[in-house]
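# Residue-level structural notes
Listed here are the chains, written in short residue letters.
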Amino acid sequence: MGSGGLELPPGGEGHEGNSTDVPPGAVSLARPMAAGSIGPELDWDADAWHEVRTRAQRAGRAYIWLNLVEQRMRAVVAAVLRPVYEPVHGDEWVVAAAGHTGQEWMQRAVAVREVSRRKGYLLDPADDNVLSFLTLPQLRELMVQHWPCFAPYFEERRDLELALDELEVTRNVVSRNRALSEAVLNQAERASARLLELLGAGADVPSAGRLPVDAVEDLVGDRYADVVAVHPDRVRLMRQFPAEDLFGRARRLDAIGIGLNLLVQNFSGRRLVRLAEGGTRVRLLFLNPASSAVKRRERELGMKRGELSRAVEMNILHMRRVRSRLRDPGAFEIQVYDETPRFTAYLVDGDGADGVAVVQSYLRGARGMESPVLVLRGGSRVVKSDDVIETGLFPTYREEFEMSWSDSRPVS
């Protein structure tokens, strides 16, 4: 007799799980399968594995952002409210700050803390406090209840609450391991970045204004040196990183390649003039359109004779017209080189920690628009390895540019 009052069939011969000779009212039990013999009806195909991996990746990114926001809010709440309540209530200052309106959820947090203590879940003594067991909505409630205490540190309460509202959907989805759409993830990342900025914990990397620091990059940046993005081609790069975002606030711009189409064809001459007149120093290094290297490249790409040469020459003439409109032409230098082109690189503010670089290697049968793109961040703040001082790829390409520039000749 089973625990539910149902009669179980005997396990002897003639009464196996697949037998049809089952007494009335009994529950038929399937024969257990041997270890490692999961049948095709329980297996996942390639599409199912792709789906669960995608869900896990999105949930992981969202969790990192939510974790950062929650930790920052916890620190802000402690910094503002502890001096008010701790002198009177001691270690129970969080309970006192919650007051009668937060009595229910505060008691729940206290209970969870006690269970964690008994079961040994508190691995860090610093987490042995009630504040560490409050959720994001509860931390928000403490801030709202005591807004006069927080008001001096925030311009608008509405901005803070709107950003927290946007995060609430993502928080519920992640906490329950539900599917997270790409649109909701993007919204959560924007809201989290905004919240961290409001809470005084925005990215301190100088280039964050041009290329915002991603939460995942900030945590695992040492795995990839200073490579912050990889795009399969330039079209996808331009969708996420338009030319205006790359060049629009440049203090210094160094570029080397064949025709430099990313700059010449995607950033207007008028904008270049305004940049140069505003103090931006520009150095452009083109492949000599009359060199034998251009002819070899034309053959590699299957282009007509002289087609690439004319395209490069037109780009150079366009940049010469831009230079002729400047009061200080010396701030806008154009040179050509005759060596075999190995890569194209755009180094923005490459002389400081605020630099960003877009780099492409030349492939035998692919044009620049079709070649993979690396986006690099200058400086050393993103590289956080504790064991090895990693310089990244940015200095390598900057050095290559300087060597090529010194061996090139100016265009009159």
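Calculation criteria
Residues numbered from 1 in each chain as written. Predicted model: local features only at pLDDT ≥ 70, side-chain atom pairs only at ≥ 80, totals over all residues. Heavy atoms only, no water. Helix = DSSP H or I, 4+ residues; strand = E, 2+ residues; numbered from the N terminus. Buried < 20%, exposed > 50% of the residue type's maximum accessible area, 1.4 Å probe, protein only. Contact = heavy atoms within 4.5 Å. Areas by Shrake-Rupley, 256 points an atom, 1.4 Å probe, with all protein chains shown as cover. Expected span 1.5 Å × (residues − 1). Pairing = 2+ DSSP bridges. Axes fitted to C-alpha atoms, helices over the stretch in contact; angles between N-to-C directions. Arc of directions from axis to C-beta. Salt bridge = Lys/Arg side-chain N within 4 Å of Asp/Glu carboxyl O. Polar contact = N/O pair within 3.5 Å; in protein donor to acceptor, adjacent residues only side chain to side chain. Phe/Tyr/Trp six-rings, centres within 6.5 Å; stacked < 30°, edge-to-face > 60°.

Helices and strands together make up the secondary structure of the protein, namely 15 helices and eight strands. For the protein, buried positions account for 40% of its 412 residues. Considering only residue pairs separated by 6 or more positions, the protein has 70% of its internal contacts joining residues 24 or more positions apart. For the protein, the exposed surface amounts to about 23700 Å²; the carbon and sulfur share of it is 51%.

It is worth spelling out helix α7 (residues 182-198) at this point. If you check α7, its first and last C-alpha atoms are 24 Å apart, about what 17 residues at 1.5 Å a residue would give, namely 24 Å. Within the span of α7, buried status applies to Leu185, Ala188, Glu189, Ala191, Ser192, Leu195, Leu196 and Leu198. Of the surrounding elements, those touching the buried residues of α7 are α1 (46-89) and α6 (157-175). The first or second residue beyond α7 is glycine 200, which carries a positive phi of 75°.

So, on to the sheet that holds strand β2 (residues 252-256). In space, the eight strands of this open sheet follow the order β1-β7-β6-β5-β2-β3-β4-β8, with mixed pairing throughout. In the strand order of this sheet, the two ends are held by β1 (227-231) and β8 (409-410), each with one partner. Where β1 meets strand β7 (residues 373-377), four bridges bridge the pair, whose relative direction is antiparallel. By the bridge assignment for β7, valine 227 is matched with leucine 376. Each of β3 (281-287) and β4 (332-337) touches helix α14 (residues 307-324); the most contacted strand, β4, lies at about 160° to it.

Next up on the list: helix α13 (residues 292-301). By the burial criterion, the buried members of α13 are Ala293, Val294, Arg297, Glu298 and Leu301. On an axial view of α13, the arc spanned by its buried residues comes to 145°, and they lie on one face. Against β3 and α14 lie the buried residues of α13. Positive phi appears at glycine 302, one or two residues downstream of α13, with a value of about 70°.

Moving on, we come to the pattern of salt bridges. Under the defined criterion, the tally for this structure stands at 25 salt bridges. In this structure, arginine 58 engages glutamate 182 in a salt bridge whose closest nitrogen and oxygen atoms are separated by 4.0 Å. Taken together, the positions of arginine 58 in helix α1 and glutamate 182 in helix α7 put the pair 124 residues apart, joining distant regions of the chain. Assessed through its relative accessible area of 25%, arginine 58 is described here as partly exposed. Aspartate 233 is the partner of arginine 236 in a salt bridge, and the nearest nitrogen-oxygen pair spans 2.4 Å. Here the salt bridges do not stand alone but share partners, grouping Arg113, Glu114, Arg117 and Asp128 into one network.

By the secondary structure assignment, arginine 234 is in helix α9 (residues 234-240). Along the sequence, arginine 234 and proline 372 sit 138 residues apart, while their C-alpha atoms lie 7.0 Å from each other. Within the structure, arginine 234 has its side chain in polar contact with the side chain of glutamine 360 (distance 2.9 Å).

Turning to the packing of aromatic side chains, a few remarks are in order. Taken as a whole, this structure holds six aromatic pairs when the rule is applied. Ring geometry for phenylalanine 401 versus tryptophan 405: centroids 5.8 Å apart, planes at 25°, classification stacked. Here phenylalanine 401 and its partner tryptophan 405 are both found in helix α15 (residues 394-406), four residues apart, which amounts to about one turn of the helix. The same class applies to phenylalanine 401 and to tryptophan 405, which are both buried. Joined through ring pairs, the aromatic side chains of Phe247, Phe267 and Tyr346 make up one cluster.

Remember, this is a structural readout, not a statement about activity or role.
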